Amino acid sequence: MEAVELKKGIYWVGAIDWNVRDFHGYSTPHGTTYNAYLILDEKNVLVDTVKAPFYLEMLGRISEIIDPSKIDVVVSNHVEMDHSGALPQMVDRIGDPTVITSERGQKGLAKHYKKPLRWKVVKTGEAFSIGSRTLTFLEAPMLHWPDSMFTYIKEDQLLLPNDAFGQHVASSQRFEDEAGGEVMKHAAKYYANILWPLAPLILKKVEEVTRMGIPIDMIAPSHGLIWRKNPGRIVEAYVDWSRGKVGNKILVIYDTMWGSTESIARAILNGLVEERVEARLLHLRSNHRSDVIEEMLEAKGVLLGSPTLNNGMFPSMADFLTYMKGLRPKGKLFGLFGSHGWGGGAVKEMRKVLEQEKFEIWEKELSVQYVPDPEEVKSAIQFGREFARKIREA
Ligand code: FEO
């Protein structure tokens, strides 16, 4: 697959990872891309690189357009190795390019690669002329790491925001308007699993960019498809997700040992459906944690159910809560249910985790001993109905 020109003299020269299925704990059933961009001007610039094993794939695309030794500058917007992994080899191939990065980027790259480079450290608002174009840098700490920065090319109204606005999807298309309707779903999963804890910073960054009044015609992130047709729609989606804009959707997330917690979960779901709220039943060993988190992005209520195992919650629920608490989903009301044999403990342990993390918890809870009888099933339906009313009224 060839390099792709996205603006006159600006090319996508990245790599497509069709086979990756796990991205540090995030399931990537559609693979991903590592996007790097080549800008031809009086100074030729490469913005970001790719994951180390894809160095030759990127080099091949660059070589279709230019002798790689003619690159003068490499911009490293982000230290994480999916973007900087091929940097040492690329620098060796070029010769001695200037490497532009943020102050934290310089420290992070030095620590990763222990390689003397011709650094140019930049700060927010700093401009760098490359001939007919000017690159402007905007530090974006924690989007995704402290070192992250955006590069903006004002003459092309092109924003290269690295991880922000990306999606984990491998595709033969490069632009979101070519790729069908799934792109927002991929973008939502990416936001929920990577950027959600940074929601307040995202809102500040969007405000900052809006205040700067920079026109944006295209957004080319470091993963997935390029936002060409209407880049405003992904920015608006980020604002909505970061503000916690949701409908009345409720999730029932559970695991089960001998089927009792599942019976309660289904009865609760029936109660939710009777109240005509949108509801989803998610079994933790049938749904990857990163898909459950994506569902949570647009949910207002979350009911968590676990059987008791050795006086505590089931391991899959512990795994899920560990993952979820790091992502700090805000503005949800949590309810708890489960089943037990003798001492109990699952509901108590789930409550403890949620309390420690200061999540909002519904005061009612439900735990059934051994196998639920018809009265207990009725109580579970009622439990679901009450939770749905609480969510609708909130
Ligand atoms: Fe795609 Fe934070 O790296």
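Please refer to the structure higher up on the page.
This structure is a prediction, so every number in the text was calculated from the model and none was measured.

Trainee: What is the right way to look at the sheet that holds strand 13 (residues 134-139) in this model?
Mentor: If you trace the 5 strands from one edge of the open sheet to the other, you get 12-13-14-15-16, paired in mixed fashion. Two strands in the sheet have a free side with no partner beyond their single neighbour: strand 12 (127-129) and strand 16 (218-219). Across the sheet, helix 6 (residues 199-212) touches strand 13 and strand 14 (149-153), and the angle it forms with strand 13 is around 145 degrees.

Trainee: Teacher, can you tell me more about the environment of L158 here?
Mentor: Along the chain, L158 turns up in strand 15 (residues 158-160). For L158 and G305, which are 147 residues apart along the polypeptide, the C-alpha to C-alpha distance reads 46 Å. Beyond its immediate sequence surroundings of up to four residues, L158 is in contact with L6, K7, I10, T151, Y152, I153, M218 and A220.

Trainee: How should the environment of L284 be read in this particular structure?
Mentor: Tracing the chain through its elements places L284 in the loop between strand 18 (279-283) and helix 9 (289-297). Sequence separation between L284 and D255 is 29 residues; the distance between their C-alpha atoms is 5.5 Å. Non-local contacts of L284, meaning those with residues more than four positions away in its chain, are made with I253, Y254, D255, V292, S316, M317 and F320.

Trainee: So what exactly am I meant to see when it comes to unusual backbone geometry here?
Mentor: The phi angle of most residues is negative, glycine excepted, and most peptide bonds adopt the trans form. Of note, the phi angle at H24 is positive, near 30 degrees, even though the residue is not glycine. Residue position: H24 is located in the loop between strand 4 (22-23) and strand 5 (26-27).

Trainee: How should the pairing of strand 18 be read in this particular structure?
Mentor: The two faces of the sheet receive side chains in turn, since in a regular strand these alternate between them. When strand 17 (residues 250-254) meets strand 18, the two strands line up parallel, connected through 5 bridges. Along strand 18, the bridge assignment pairs V252 with L281. Tracing the backbone out of strand 17, into helix 8 (residues 260-274) and back to the parallel element strand 18 gives a crossover that is right-handed.

Trainee: Before we go on, may I ask you to explain the packing of helix 9 against helix 10 (residues 315-327) in this structure?
Mentor: The description of two helices packed together rests on the angle between their axes and the distance between the axes. At a minimum axis separation of 10 Å, helix 9 and helix 10 run at an interaxial angle of 50 degrees. On the basis of the axis angle, helix 9 is oblique to helix 10. Of the two possible hands of crossing, helix 9 and helix 10 adopt the one that is right-handed. Contacts between helix 9 and helix 10 involve R289, S290, V292, I293 and M296 on the former and, on the latter, D319, F320, Y323, M324 and L327. Looking at the contact of helix 9 with helix 10 residue by residue, the classes come out as 7 nonpolar, 1 polar and 2 charged.

Thresholds, definitions, all that
Residues numbered from 1 in each chain as written. Predicted model: local features only at pLDDT ≥ 70, side-chain atom pairs only at ≥ 80, totals over all residues. Heavy atoms only, no water. Pairing = 2+ DSSP bridges. Helix = DSSP H or I, 4+ residues; strand = E, 2+ residues; numbered from the N terminus. Contact = heavy atoms within 4.5 Å. Axes fitted to C-alpha atoms, helices over the stretch in contact; angles between N-to-C directions. Right-handed = clockwise from strand over helix to strand, strands pointing away. Parallel < 35°, antiparallel > 145°, perpendicular 65-115°, else oblique. Left-handed = near helix turned anticlockwise from the far one by under 90°. Nonpolar A, V, L, I, M, F, W, Y, C, P; charged D, E, K, R; others polar.

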